[in-house]
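Notes for the structure review
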Amino acid sequence: MQNFQGVGVSPGRIIGSVRQMPKPVSEPPSGERLAEGISPEDAVARLKAAAQSVHDELKGRADTASGDGKAVLEATALMAKDTMLLKSAAKLINAGSSAERAIWEAGASVSEMLHNLGGYMAERATDVLDVRARIVAELRGVPAPGIPASDTPFILVAEDLAPADTATLNPAVVLALVTSGGGPQSHTAIIARSLGLPAVVAAHGVDDLADASEVYVDGAAGFVAVAPSDEQRAAAKAWAETSATLAEFDGNGTTADGHLVPLLANVGGAKDAVAAAALGAQGVGLFRTEFCFLERDTEPSVDEQAAAYKAVFDAFPGKKVVLRTLDAGADKPLPFLTDATEPNPALGVRGYRTDFTTPGVLERQLEAIARADSESEADVWVMAPMISTAAEAGRFASLCAAAGIETPGVMVEVPSAALTSATVLREVGFASLGTNDLTQYAMAADRQLGPLAELNTPWQPAVLRLVQLTVEGAAQEGSGREGDPKPVGVCGEAAADPALAVVLTGLGVTTLSMTARSLAAVGTVLKTVTLEQAQELARLALSAPSALEARDWVRAKLPVLEELGL
Amino acid sequence: MPERTATIASRSGLHARPAALFAEAAGEQPVEVTISMQGEPADDALDAASILSLMTLGAAKGDVVVLRAEGDGAEAALDALVKLLETDLDAE
């Protein structure tokens, strides 16, 4: 039987039939002419027929959708047979262009026009490009790009998923995700964990899996098998039973011997926050504020920001909410803050550093946070991303103090901040380890690159050592609010891996923050070990010569993982 | 040529859902209807049935637009479309 080994990024054991995600539609060559013997009239008629069928397809999907999704699909359907788009394509056809090239160019100019209008219109520019690609696919007689529409559940196999695919991914139909590319921190992994879908990434060769073939996916082991065995069928059946019990977290993160490790949620807005509170999150360990800023040409007003922040704080009255100030740059560019032409954006002006080049934005954000804080009952902590030195931490703390924010902190993502955590923490009240970036910087490996997936895991002993150094520095630096060492949390994807969560607890991390879907699994596993056992496992992982061995050694000592299929 | 003016009533302007509803209604009329901002030449008027044209027009709430149509049923078509523009479609 044919098997594929990749990297497991979201647990779950499931059997289902494969649907390949169609390849993106390639651009028709520039200057492509009408084929011999085809009149412009025929080509225009063909284009109109293709546009009509794309319209009908999208309209049909709109009819079964609801809410915002329905409105977007209805508008997109209308774009497919839009007279402005089709007339300008017809003009190009009459000048001798092929139908494919004509609609491609017409779509590009309309999309550019919308993009230049900014705001809501700019967001619709990508819809025009999507419609254009669908019409070209229809003309070529190949499947439409994007996640296949289907009523029967399937396992989606793709090269990698883009953030935009999340909108069209229906978790009621997609059973699991398998990609040939991507790494543990790729968008596919993040999407899968937030939806609670089993997922395997960087599984070479899965692009050749035939549609409708039956496969077994183990999202913890990173394993995909064609023609599942009886044993695998039993494992999938057992998972279906245990996963129900893993769906609920009792709201009490603790080890078996009562060492408390509050389990918090990572959220990106009020909707996430409400969902996380319902799943038992003991607070928010990472509130990403980018949602307020992304896809904007100008900075949102203080009023607008304050209202958005308050909506999140209000979901956790009396509980801790750790807010991260704007983290723009690298994979999250913002036209009014970041320079898109930087040769090396991951090492560029991003995170806290945008305050060097565009001062004022951060101060206004802190003002909005302070206002929302004063109007809500949450215990609001505020941290800056991408802090590298104690001086930066000190400056951030004074900006917070000036705004009236009581608890300033820093993200530890840059190895320099981990190595000097004692002096960094002298300046602020707490630290939170962003393990995704910390791993990428410690290993010098781009998060999005499939070939570097093995380097890009927080199981790397070097990354665990940086976590340990940060905790040791915090202990040296003495007391936080309660007289204990200043708190050091983890808010990266690492905290969502139950085995790694045990290791992090053993290293002395005080809180773990993760996508809310993972709370129950992490909480369940944490309760099976004592603090001393967790410390023993942390020493074991640190002593491993490789990430693979660190993971295997720790997992071997946690048989509960295998029992639960995690 | 028969024409009407209308003041955009939808909160989000002639974007998003209101634009889609209006374009669809314009496309169902027996005559071709054009739309332009008040004060702009009739020659620059856009096809009212084109959602992309409506979006590039960028009419906001409170803006006044001019609808034009010719032929049998033009008057009735214009009346129906004016009524739609002057309804807050976001509220529905």
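Residues numbered from 1 in each chain as written. Chains lettered and ligands numbered in written order. Predicted model: local features only at pLDDT ≥ 70, side-chain atom pairs only at ≥ 80, totals over all residues. Heavy atoms only, no water.

What follows covers the environment of glutamate 75 of chain B. Residue and element names in this part refer to chain B. Secondary-structure assignment places glutamate 75 in helix 3 (residues 74-85). Once the C-alpha coordinates of glutamate 75 and arginine 4 are considered, the two residues, 71 residues apart in sequence, prove to be 9.1 Å apart. A polar contact of 2.7 Å, which involves the side chain of glutamate 75, links it to the side chain of arginine 4. (Helix = DSSP H or I, 4+ residues; strand = E, 2+ residues; numbered from the N terminus. Polar contact = N/O pair within 3.5 Å; in protein donor to acceptor, adjacent residues only side chain to side chain.)

Note: interface size is frequently given as the accessible area lost on complex formation between the parts. All names here are of chain A. When the domains of chain A are assigned, the result is domain 1 (3-21 + 147-236), domain 2 (40-140) and domain 3 (263-564). Each of domain 1 and domain 3 was reduced to a C-alpha centroid, and the two centroids are 28 Å apart. Taken together, the contact pairs 15 residues of domain 1 with 15 residues of domain 3. Both faces combined, the contact of domain 1 with domain 3 buries some 1,300 Å², and carbon together with sulfur accounts for 47% of it. It is Arg13, Gln185 and Arg193 in domain 1 that bury the most area against domain 3; as a group they hold 45% of the surface buried on that side. At the junction of domain 1 with domain 3, the criterion picks out two salt bridges. Salt-bridge contacts for glutamate 493 lead to arginine 193; the nearest nitrogen and oxygen are separated by 2.4 Å. Put simply, domain 1 and domain 3 have four residue pairs in polar contact (both at pLDDT 80 or more) between them. Looking at the side of domain 1 that touches domain 3, its residues break down into six nonpolar, seven polar and two charged. (Domains from an automatic or database assignment. Contact = heavy atoms within 4.5 Å. Buried area = accessible area lost by both parts, 1.4 Å probe. Salt bridge = Lys/Arg side-chain N within 4 Å of Asp/Glu carboxyl O. Nonpolar A, V, L, I, M, F, W, Y, C, P; charged D, E, K, R; others polar.)

Looking now at the sheet that holds strand 4 (residues 154-158) of chain A. Each strand in a sheet pairs with another by means of backbone hydrogen bonds, the pair being arranged parallel or else antiparallel. Residue and element names in this part refer to chain A. Taken in spatial order, the eight strands line up as 1-8-7-3-4-5-6-2 in an open sheet, and their pairing is mixed. For this open sheet the edge positions go to strand 1 (3-5) and strand 2 (7-10), each flanked by a neighbour on one side alone. With strand direction ignored, the average angle separating the axes of adjacent strands in the sheet is 30°. Across four bridges, the pairing between strand 7 (residues 214-218) and strand 8 (residues 223-226) is antiparallel. (Pairing = 2+ DSSP bridges. Axes fitted to C-alpha atoms, helices over the stretch in contact; angles between N-to-C directions.)

All names here are of chain A. Considering all chains together, one arrives at six aromatic pairs over all chains under this definition. Between phenylalanine 287 and tyrosine 309, the aromatic rings sit 5.9 Å apart at their centres with planes inclined by 80°, giving edge-to-face as the arrangement. With phenylalanine 287 in strand 10 (residues 283-288) and tyrosine 309 in helix 10 (residues 302-313), the pair connects residues that are 22 residues apart, well separated along the chain. Pair check on accessibility: phenylalanine 287 and tyrosine 309 agree, each one buried. Here the aromatic cluster, defined as three or more aromatic residues joined through ring pairs, consists of Phe287, Phe291, Tyr309 and Phe313. The ring of tryptophan 104 carries arginine 132 above its face, with NZ or CZ at 3.6 Å from the centroid. Taking the ring centre of tryptophan 381 as reference, the NZ or CZ of lysine 320 above it sits at 3.9 Å. (Phe/Tyr/Trp six-rings, centres within 6.5 Å; stacked < 30°, edge-to-face > 60°. Buried < 20%, exposed > 50% of the residue type's maximum accessible area, 1.4 Å probe, protein only. Lys NZ or Arg CZ within 6 Å of the ring centre and 35° of its normal.)

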